[in-house]
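# Breakdown of the fold
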Amino acid sequence: MTLALSGIGVSRDIAIGKAHILERGQPEVTEYSVPRRQINDEILRLNQALDGAREQLKQIRTRIPASTPTDITAFIDTYLLMLEDSALTSAPADIIRTRRCNAEWALKLQRDAMVDVFDKMDDAYLRTRKDDVIHVVSRVLRILLNQDTNPHDGSASLKDAIIIADDLTPADTVLLQHQGIAAFVTEYGGPLSHTAIMARSLRIPAVVGVHHARGYIRNDEQIIVDGREGVLLLDADDALLKHYRRRQRAEKQYEAGLRRLKETPAITADGHAIALQANIELPEDVKPVKEAGAGGIGLYRTEFLFMNRPTTPDEEEQFENYLRVVKAMKDQPVTIRTLDLGADKPANDTRSGPLFTNPALGLRAVRLCLKDPALFRPQLRAILRASAEGHVRLMVPMLSNMQEVMQVLHLVNETKKSLRKDKLPFDENIPVGGMIEVPAAAISANLFAQHLDFLSLGTNDLIQYTLAIDRIDDEVNYLYDPLHPAVLRLIYVTLNAGRRAGIPVSMCGEMAGDCRYTRLLLGLGLREFSMQPSGLPEVKSVINHSHISELVRPARKILQCAHADQVLTLLQQINET
Ligand code: PEP
Ligand code: MG
C-alpha cells in the first residue's frame, strides 16, 4: 500500500528515483600526543588543511548559478572569513603547542569551546552561526583525516538518487547537484532556510521538514518526491507512477513555455498592465534580472554591501555600486532601499549595535540610520548622486511612525542642499517611498501616503511582525502564513491608502513572487510586483490568464473569512477558474 509522508515542498518539480540515505555524523576524532620536535610539522599540517578547505569552498562558489540570491551565496564568504579568523587559525595552533596534541584534537577542542559560547547566547541568528562553525570545522577535520569532504558516503554513485538526510548545508546542496542527484529530502529545515532557497535556485526537487523520514525509507527503495505538494510517496503502484510520470512531462513542457514568455508584456486578459520588477542584493544580480525580462528593480537591498566586512563602505564606494546598477538598467526604474542592517542581517562590527534578546524588535533599519546620521548621510548622498544618471527611487525600510517619515524627508532635503552646495548633480524630483513592514505602518499607510511618493509592502517582515513569529526560527515556521486573514487585511488597507492618495503601492516580499497568491493580490488591487527573477515568468503567465474584473469580488470575500482554511478553499477556487 502506498505510504505518503508530508513535509514542506520547496521546489515545484517532481522526481522519481531510488532513495539514498545519507548517514553522516561528525567525523570521529581521537587525541594522541605529538613529540616536541614534531610540533611545527603538526601546525603545518593544520595550516595545510585550512588552505585545502579554503580552496574547496572557492571551488564550490564557482558552481553556484548566477541567479542564486546573494544572501544565500554569502554563506561561502562567511565560511571563508571564518577560515581566516584567528579563532580557527591561531587558537588551535596554540592548543597544539601547549597541549602537544594532534591537529584534529586541537581543532575539536576549539570547536567545542566556540559552540559552548554560542550555546550560551539566546539568539536565533547566533544559533545559525554555531552551525556554521560546526560545518566549517567538519570540513577541515575531514581533510586532516583524509576523509571525503563531499556530502557522500563513498558507497555508490549518487547520479539520479533521491538523497534522504537529516539536514544539508547549502554547500552540500551545491555539491550534490553536481553529482547529478534527482532530488533531496531532509528531516529538518523550513521554506526560508538557506538550503531550501538554494534548492529553488538550483532547480532541485526538494521536500524539507519531513520528520523521521529516515525511519520510514529503506536504501534503494523507489520513491516519488512531489516538491509542489511537499509529499513523498513510498510503495507507489503502477497507476500512481504513471500519473506522476505524466505530471513530470507536463511540468517540463510548461516550463519551456514560460521561458518563451520573457518578451511578452504582463497584461491581464481584461487589459490591465501590471508592473513586474525584480529584487537584487548586489550589482552582479542585474544579469538574471535582465534575463528574466523584468521591467525594473523594485528592491535593491543595499545592506549586503555592508555585511561580511570589517569597515563601512564610504560614499564613493556606495555611489559606484549604485551607479553600476542604474547604468545597467538603462532607463528602467531602480528602487534603492536604504540600509536594513540589524536583526538577521547584522554587520560585522558594532554598526548594528549590541545584541539584545529581540533583535528584530530592536535597533534595525531606519531606526539605526536615524540614530547614526554618520552612517545614513553618506548613503543618502550616494543614492541621490546616482539618481542623476537614471530613474532612481529611494525607499526606506521598517518605518513605524510619522516622526520617522518626517525625519527621513528632512534628511533627504538636507542632503539635496549639501549636494547643490558641492555642485553635484542629482534628480531634484527623486521619488521617496516607504516600506510597509510593521502593522503600525499598514494602519498608518493613509498618513504616510500624504508625504511619500510610493509605498512597498515588505510581506516577509509584515507577516513576521503581524503574527509575532521570528521569520528565521524553525520552531515557529508552521505559523508563518501569508494567508492569515489579519495579514490580508493589512495588505488591503495599504493598497486602499495608496489608491486614495493617488500613489503607487508595490509588493516586494516573497509573497509577490509566489504564483499561488497572484490572483488574490490582483483582486485586492495590487498592480506592481517585485520578486526574485526566477519567479517572474510564472507570475506573468498567471497575470496574462487572469481577468481582474472577475477577481475583485472573490478577493473581497476572502477578506471576510475568519479562518485560514476558508481562505484556502476560496483561493483554490480563484486559482482554478
Ligand atoms: C520584506 O520584509 O518583505 C522585505 C522585502 O525585506 P527583507 O526581506 O529584506 O527584510
Ligand atoms: Mg523587510
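This text goes with the structure placed above it.
What you see as residue numbers is a count from 1 along each chain, following the sequence as written. Working convention: letters from A go to chains and numbers from 1 go to ligands, in the order in which they are written. Local features are withheld for residues below a pLDDT of 70 in this predicted model, meaning they are given only at 70 or higher, and side-chain atom pairs are given and counted only at 80 or more; totals for whole chains, interfaces and linings count all residues. To obtain the side-chain values, all non-hydrogen atoms of the structure were included, while hydrogens and water were left out.

Note on terminology: a nonpolar core comprises buried Ala, Val, Leu, Ile, Met, Phe, Trp, Tyr and Cys residues joined through side-chain atoms within 4.5 Å. Three labels apply to residues, based on accessible area from a 1.4 Å probe with only protein chains included: buried if under 20% of the type maximum, exposed if over 50%, partly exposed otherwise in between. Leu276, Ile297, Leu455, Ile491 and Phe529 are the most contacted members of the largest nonpolar core, which has 104 residues in total. The contact criterion used is simple: two residues touch if any of their non-hydrogen atoms lie within 4.5 Å. When near neighbours in sequence (up to four residues on either side) are disregarded, Ile491 contacts Leu457, Thr459, Leu462, Met507, Met511, Leu521 and Leu524. Residues Val10, Ile95, Val140 and Leu175 belong to the second largest nonpolar core, which totals 55 residues.

Think of it this way: any DSSP run of H or I at least four residues long counts as a helix, any run of E at least two long counts as a strand, and we number them from the N terminus. Along the chain, His545 falls in the loop between helix H20 (536–544) and helix H21 (548–559). A relative accessible area of 58% means that His545 is categorised as exposed. When the C-alpha atoms of His545 and Thr569 are compared, they prove to be 20 Å apart, with 24 residues separating the residues in sequence.

Take the pairing of strand S7 (residues 222–226) next. A large share of S7 lies buried, amounting to four of its five residues. Two strands qualify as a pair provided that DSSP identifies no fewer than 2 bridges between them. In this sheet, S7 lies alongside strand S3 (residues 14–21) in antiparallel orientation, the contact comprising five bridges. Residue pairing for S7: Ile14 is matched across the bridge by Asp226. Hairpin connection from S7 to strand S8 (residues 231–234): four residues lie between these consecutive antiparallel strands, with Gly230 at a positive phi of about 75 degrees.

This part is about the site of ligand 1. Taken together, 15 residues lie near ligand 1, and Arg301, Arg337, Glu437, Asn460 and Arg471 sit nearest. Distance and chemistry together define a polar contact, namely a pair of N or O atoms within 3.5 Å, with one atom able to donate a hydrogen and the other to accept it when in protein, and with adjacent residues in sequence counting only for side-chain atoms on both sides. Arg301 places a side-chain nitrogen or oxygen 2.7 Å from an oxygen atom of ligand 1. Contacts to ligand 1 include Arg337, whose side-chain N or O atom sits 2.8 Å from an oxygen atom. To measure how exposed things are, a 1.4 Å probe is used in the Shrake-Rupley method; for residues, cover is taken only from the protein chains shown. With the chains in place, 99% of the 290 Å² that ligand 1 exposes on its own is no longer accessible. Of all the secondary structure elements, the ones that give two or more residues to the shell around ligand 1 are strand S10 (297–301) and helix H17 (459–467). In terms of residue count, H17 provides more of the shell around ligand 1 than any other element does, three residues in total. Here the shell around ligand 1 is composed, by residue class, of three nonpolar, four polar and eight charged. Any residue with a heavy atom positioned within 4 Å of a molecule or strand is treated as near that molecule or strand. Three classes are used, and their members are as follows: Ala, Val, Leu, Ile, Met, Phe, Trp, Tyr, Cys and Pro are nonpolar, Asp, Glu, Lys and Arg are charged, and the others, Gly among them, are polar.

By convention here, two paired aromatic rings are described through the distance between centres and the angle between planes. Note on aromatic pairs: the rings of Phe, Tyr and Trp (six-membered ring only in Trp) are paired at centre separations within 6.5 Å, and the planes decide the class, stacked below 30 degrees, edge-to-face beyond 60, tilted for the rest. Under the definition given, this model contains one aromatic pair. Between Tyr300 and Tyr322, the aromatic rings sit 5.7 Å apart at their centres with planes inclined by 90 degrees, giving edge-to-face as the arrangement. In this pair, Tyr300 sits in strand S10 while Tyr322 sits in helix H11 (residues 315–328), placing the two residues 22 residues apart along the sequence. For the pair Tyr300 and Tyr322, a shared accessibility class is recorded, and that class is buried. Throughout this description, the term charge over a ring refers to an Arg CZ or Lys NZ atom that lies within 6 Å of the ring centre and within 35 degrees of the ring normal. In this structure, Lys108 packs its charged tip against the face of Trp105, placed 5.2 Å from the ring centre. The ring centre of Phe319 lies 4.0 Å from the NZ or CZ of Arg385, which sits over that ring.

Okay, the pattern of salt bridges next. Any Lys or Arg side-chain nitrogen found within 4 Å of a carboxyl oxygen on Asp or Glu counts as a salt bridge. If you walk through the whole model with that rule in mind, you get 29 salt bridges. A salt bridge links Glu538 to Arg228, with the nearest nitrogen and oxygen atoms 3.8 Å apart. Of this pair, Glu538 sits in helix H20 while Arg228 sits in the loop between S7 and S8; the two residues are 310 residues apart in sequence, bridging distant segments of the chain. Here Glu538 falls in the buried class, since its relative accessible area comes to 15%.

Time to look at the coordination of the magnesium ion (ligand 2). Ligation of the magnesium ion (ligand 2) by protein atoms is provided by Glu437 (OE) and Asp461 (OD), these donors lying 2.0 Å from the ion. Separated by 24 residues along the polypeptide, Glu437 in the loop between strand S13 (432–436) and helix H15 (439–443) and Asp461 in helix H17 bring together distant segments of the chain. Asp461 matches Glu437 in its accessibility class, with the two residues each being buried. Only nitrogen, oxygen and sulfur atoms qualify as donors, provided they sit within 2.8 Å of the metal or within 3.2 Å for Na, K and Ca; with water excluded from the atoms, sites may seem incomplete.

Within the secondary structure layout, Arg393 lies in strand S12 (residues 392–396). Excluding anything up to four places from it in sequence, Arg393 contacts Val334, Thr335, Ile336, Ile430, Pro431, Phe454 and Glu528.

The mixed open sheet is built from eight strands, whose spatial order is S1-S8-S7-S3-S4-S5-S6-S2. At either end of the open sheet lies a strand with only one pairing partner, and these are strand S1 (3–6) and strand S2 (8–11). When strand polarity is set aside, the average angle formed by the axes of neighbouring strands in this sheet is 30 degrees. In this fold helix H9 (residues 238–259) packs onto S3, S7 and S8, with an angle of close to 115 degrees to the strand it touches most, S3. Angular values range over 0 to 180 degrees, each being the angle between N-to-C directions of two axes fitted as lines to C-alpha atoms, with helices fitted over their stretch in contact.

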